[in-house]
Amino acid sequence: MLKWSIHKYYLFAVLTLVAKMSYGQNFNHKVYAEVQKVESQEELLLEYERLGPKISGSPGLKNTFLWLLDYYKRIGVDYLRIDTFIYNDEAHYNLVAGYLGRNISRRIMVSAHYDTKGGPGVNDNGTGVTACMEIARLLRGRPIQTGIEFIHFSAEENNLIGSQHYVNNVLGRNDSSLVFLLNLDQLGGTKNNSENNKIYCERDEDSPLQNNNASNAITQKLAQCADLYSNLAPVISKAYNSDYMPFQQAFYVITGLYQYSEYPFYHTKNDLLLNIDIGVHKEVIKTAYAFLLLEADSISLSISNKNKVAMHIFPNPVKKEFTIDVPKEFGESKISLTNTLGQNVFKSEVRVGRNKIVFDHDTGLYFGSIKGSKGQMGIFKIQKVN
């Protein structure tokens, strides 16, 4: 994080302290129930700490990238992409991990840089990184209308080199599918600080001005989620000096979360797990998760049948065929696939174990289900490509 150490005092005159109120948004019991599934990230943060400093060119930076890549592979995201760039004669990697939504023309991006400055960087920005990891775990197998894409930038601490490269060389200025970017940076609070009960919700207040109103609107929704689904009091703040800024300059809508309390271990070797408030970190993750569930329209698509489970297929995206593993408890089963219009395009019987499915259909997103011999249901989705 490139924030100045006087963050709170510099901005205080322009902040709007948002007291605990409903903001006009109705409390949603389903969202509340979902955010109770958020788990403490103490173990993942300790792993991040043990990877050491993650400065440009260091083993810690490379090993953290590999650690993240392995995690997203293991939880089974829909796709992984690596954006490689050269900085200081060293290869750096931005990692993208995403879930496809039913509307393939819309996606939300959630960013958190994984490089550090001055030490292991547990707060700046292991807390943002592990927040993404936990939300990605919770989203696995959930239906979403709008896709959600997690991106971990390298070289944020080197003047936003990683995110600037991504915007300039991958995203461009005309990607109409990107609804907004939510940036997560330094979310851990400060051990034993009395102001840990507040959280900055950051909005665009800079030029160009075209998206400032949209950023304000989405940030108000983010603040509402903090108010309704966590024990944190949201404070509206100005977005600046983190990975959302290259997006802002390219005319995309941005918002972000950042801790309110001052952090004396910022950019030092003492940015360690023992100096953050792990309980506050969990509450911030609840805020972000509730916000994404609502903005991706996941709650209205939620599965009421508790016997449904996520089924994993490979490869995905699919060219001409894919393989699916049917659990033993399902027995002989039936598989079906529908397109985004809800039309059934494929049916077949499958057996326990590994099944190879030939799927020679048009490119696009398809939703699949498996019905077991005793009524069990499995769900999955595939992206068909040429």
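Please refer to the structure placed before this passage.
None of the values given here were measured: they were computed from a predicted structure.

Q: What is the right way to read the overall build of the protein chain from this model?
A: Check the secondary structure of the protein chain and you find nine helices and 17 strands. Here the protein chain, with 386 residues, has 56% of them falling under the buried criterion. In the protein chain, the share of contacts with a sequence separation of at least 24, taken over all contacts with a separation of at least 6, comes to 78%.

Q: Could you clarify how one ought to interpret the pattern of salt bridges in this entry?
A: Side chains that carry opposite charge are capable of pairing whenever their charged atoms lie near each other. Under the counting rule described, the total for this entry stands at 14 salt bridges. Of the charged contacts, one joins Glu39 and Arg137 as a salt bridge, the two residues approaching to 3.8 Å between their closest N and O atoms. Remark: Arg137 occurs in helix H5 (residues 122-139) and Glu39 occurs in the loop between helix H2 (29-35) and helix H3 (42-50); sequence separation between them is 98 residues. Judged by its relative accessible area of 45%, Glu39 falls in the partly exposed class. A salt bridge links Glu283 to Lys286; its shortest N-O distance comes to 3.2 Å. With Glu283 and Lys286 both in helix H9 (residues 278-295), this residue pair falls three residues apart, about one helical turn. By relative accessible area, which is 11% here, Glu283 ends up buried. Bridged by salt links that share partners, the residues Arg81, Arg107, Glu149 and Asp175 form one connected network.

Q: Sorry if this is basic, but what is going on with the packing of H5 against H9 here?
A: Describing two packed helices takes the angle between their axes plus the distance from one axis to the other. Their axes nearest at 10 Å, the elements H5 and H9 cross at an angle of 50°. Our classification of the angle between H5 and H9 gives oblique. The hand of the H5/H9 crossing is right-handed. Residues Thr127, Thr130, Ala131, Glu134, Ile135, Leu138 and Leu139 of H5 form the contact with H9, whose participating residues are His281, Ile285, Ala288, Tyr289, Leu292 and Leu293. Counted by class, the contact of H5 with H9 contains nine nonpolar, three polar and one charged residues.

Q: Sorry if this is basic, but what is going on with the environment of Val284 here?
A: In this fold, Val284 is placed in helix H9. Considered as a pair, Val284 and Cys225 are 59 residues apart in the sequence and their alpha carbons are 9.9 Å apart. In this view, Val284 contacts Leu187, Ile199, Leu232 and Leu257; residues no more than four positions away in its chain are not counted.

Q: Which parts of the structure should I look at to understand the packing of H3 against helix H4 (residues 59-75)?
A: Two elements in contact, H3 and H4, have axes whose closest approach is 10 Å; the angle formed by their N-to-C orientations is 150°. By the criterion of interaxial angle, the relationship of H3 to H4 is roughly antiparallel. In this structure, the crossing between H3 and H4 has a hand that is right-handed. The residues of H4 that touch H3, namely those facing Leu44, Glu47 and Tyr48, are Thr64, Trp67 and Tyr71. Looking at the contact of H3 with H4, its residues break down into four nonpolar, one polar and one charged.

Q: Even after reading the chapter, I still don't get unusual backbone geometry, so can you show me in this structure?
A: In most cases, non-glycine residues show a negative phi, while peptide bonds are predominantly trans. Cis geometry marks the peptide bond from Phe314 to Pro315; its omega dihedral reads -10°. Take Pro315: it is sitting in the loop between strand S11 (313-314) and strand S12 (321-326). The omega torsion across Asn316 and Pro317 is 15°, close enough to zero to call that bond cis. With a phi close to 60°, Ala155 is a non-glycine residue in the positive phi region. Here Ala155 is to be found in the loop between strand S5 (146-152) and helix H6 (161-171).

Q: Help me out: how do you make sense of the sheet that holds S11 in this one?
A: The strands making up a sheet associate through backbone hydrogen bonding, with each pair oriented either parallel or antiparallel. Taken together, three strands build an open sheet; the order of strands is S11-S12-S15 and the sheet is antiparallel. Looking at strand neighbours, the two that pair on one side only are S11 and strand S15 (353-358), the edges of this open sheet. Relative to S15, S12 runs antiparallel, the two being bridged by six bridges. Bridge assignment links Thr323 to a residue of S15, and that residue is Lys356.

Q: What is the right way to look at the packing of aromatic side chains in this model?
A: Pairs of aromatic rings are described using the distance from one ring centre to the other and the angle between the two planes. According to the stated counting rule, one finds 15 aromatic pairs in the structure shown. With a centroid separation of 4.9 Å and 40° between ring planes, the pair formed by Tyr200 and Tyr260 is classed as tilted. Of this pair, Tyr200 sits in strand S7 (residues 198-203) while Tyr260 sits in the loop between strand S9 (254-259) and H9, and the two are 60 residues apart along the sequence. Per residue, the accessibility class of Tyr200 equals that of Tyr260, and both read buried. Three or more aromatic residues joined by ring pairs form one cluster here, namely Phe153, Tyr166, Phe247 and Tyr252.

Q: Got a minute to help me understand the environment of Asp297 in this structure?
A: Within the secondary structure, Asp297 is located in the loop between H9 and strand S10 (308-310). A relative accessible area of 33% means that Asp297 is categorised as partly exposed. For the pair Asp297 and Gly147, spaced 150 residues apart in sequence, the C-alpha to C-alpha distance is 9.8 Å.

What counts and how
Residues numbered from 1 in each chain as written. Predicted model: local features only at pLDDT ≥ 70, side-chain atom pairs only at ≥ 80, totals over all residues. Heavy atoms only, no water. Helix = DSSP H or I, 4+ residues; strand = E, 2+ residues; numbered from the N terminus. Buried < 20%, exposed > 50% of the residue type's maximum accessible area, 1.4 Å probe, protein only. Contact = heavy atoms within 4.5 Å. Salt bridge = Lys/Arg side-chain N within 4 Å of Asp/Glu carboxyl O. Axes fitted to C-alpha atoms, helices over the stretch in contact; angles between N-to-C directions. Parallel < 35°, antiparallel > 145°, perpendicular 65-115°, else oblique. Left-handed = near helix turned anticlockwise from the far one by under 90°. Nonpolar A, V, L, I, M, F, W, Y, C, P; charged D, E, K, R; others polar. Pairing = 2+ DSSP bridges. Phe/Tyr/Trp six-rings, centres within 6.5 Å; stacked < 30°, edge-to-face > 60°.

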